[in-house]
Amino acid sequence: ETKPLLAVVSVFLGAILSTLFTRMFSLSLGDLRGVFALGVQEGSWLNIALNAAQLTSMTLTPWFMVILGAERILMATSAILLGVFVVFPIIGGNYGFTELLVIHFIIGLSLGVYLPMTISLALRNLQPNVWLIVMAAYSLRVSLGMDAGVGVSGSFIEVIGWQWLYWGCALFAAMICIFAWKGLPLSEINYGLFEKTDWGGMLLKILSLVLLYIGVVQGEM
């Protein structure tokens, strides 16, 4: 038995997590550079890897929701995030710059799937009389993630430890995975559409977005 409300809660938690972690990471980047022994330029590339990956997955998610189903995407990406968020802080100090780039690209790739599917899943699983409330809640996730990120990241870095920047988000990932599993039915894979996928067009669009983003952020540097 599926529970649509749990599905909606899972994607809203994902939207909050995406905004919150991105905000906390950017605010704590100076401290994390010290933890990982990185220079200013190297630290900026970590931020770029995180955000460029989100651009990539945001572009691909709507199409793969149709092919694979939202439940597979939600559970798979949340499980990946849970694993990375739990394991990375334990051995994070032993990674080199290349490994750090790859890890934060994976985190960004997983975080980017939540925002494109939030509204569509909410409107599909709830009655029209609550759609306005859904829209209001969706808009609040921006201010919640942005504002909460300042105090939370400061507490993690200065009081508890930088590891909790990741371990705290692991709790979100675990809840998202469980709620998606309980709330969404498992749909069949649409192999017909999968075979018709325009991989070249998707690649060109993603590459153009990422290069444009890198050019804007790193152009002056």
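Scroll up a little and you will see the structure.
One structure accompanies this document, and this report is about it. (Residues numbered from 1 in each chain as written. Predicted model: local features only at pLDDT ≥ 70, side-chain atom pairs only at ≥ 80, totals over all residues. Heavy atoms only, no water.)

## A word on a nonpolar patch on the surface
Step number 1: Side chains of Leu 82, Val 86, Val 87, Ile 90 and Ile 91 sit close together on the surface and give an oily, nonpolar patch of about 380 Å² of accessible area.
Step number 2: Looking at the element boundaries, Val 87 is found in helix 3 (residues 70–91).
Step number 3: Its relative accessible area of 43% is what places Val 87 among the partly exposed residues. (Patch = residues over 30% accessible without salt bridge, like charges linked within 9 Å, V, L, I, M, F, W, Y side chains within 5 Å. Areas by Shrake-Rupley, 256 points an atom, 1.4 Å probe, with all protein chains shown as cover. Salt bridge = Lys/Arg side-chain N within 4 Å of Asp/Glu carboxyl O. Helix = DSSP H or I, 4+ residues; strand = E, 2+ residues; numbered from the N terminus. Buried < 20%, exposed > 50% of the residue type's maximum accessible area, 1.4 Å probe, protein only.)

## A short note on the packing of aromatic side chains
Step number 1: Throughout the structure, instances matching the rule amount to 12 aromatic pairs.
Step number 2: Between Phe 21 and Phe 85 the ring centres are 5.3 Å apart and the planes differ by 50 degrees, which places this aromatic pair in the tilted class. Residue Phe 21 is found in helix 1 (residues 4–36), and its partner Phe 85 is found in helix 3; the two are separated by 64 residues along the sequence.
Step number 3: Since its relative accessible area comes to 0%, Phe 85 is described here as buried. (Phe/Tyr/Trp six-rings, centres within 6.5 Å; stacked < 30°, edge-to-face > 60°.)

## Examining helix 3
Step number 1: The terminal C-alpha atoms of helix 3, which comprises 22 residues, lie 32 Å apart, in line with the 32 Å expected from a rise of 1.5 Å per residue.
Step number 2: Listed in full, the buried residues belonging to helix 3 are Ala 70, Glu 71, Ile 73, Leu 74, Met 75, Thr 77, Ser 78, Leu 81, Val 84, Phe 85, Phe 88 and Pro 89. (Expected span 1.5 Å × (residues − 1).)

## What to know about the packing of helix 2 (residues 40–68) against helix 4 (residues 97–111)
Step number 1: Look at helix 2 against helix 4: their axes get within 7 Å of each other, and the N-to-C directions meet at 30 degrees. Relative to helix 4, the element helix 2 is oriented roughly parallel. Of the two possible hands of crossing, helix 2 and helix 4 adopt the one that is right-handed. Between helix 2 and helix 4, the contacting residues are Glu 42, Trp 45, Leu 46, Ala 49, Leu 50, Ala 53, Gln 54, Thr 56 and Ser 57 on the first element and Phe 97, Leu 100, Leu 101, His 104, Phe 105, Ile 107, Gly 108, Leu 109 and Leu 111 on the second.
Step number 2: Here the contact of helix 2 with helix 4 is built from residues that sort into 12 nonpolar, five polar and one charged. (Axes fitted to C-alpha atoms, helices over the stretch in contact; angles between N-to-C directions. Parallel < 35°, antiparallel > 145°, perpendicular 65-115°, else oblique. Left-handed = near helix turned anticlockwise from the far one by under 90°. Contact = heavy atoms within 4.5 Å. Nonpolar A, V, L, I, M, F, W, Y, C, P; charged D, E, K, R; others polar.)

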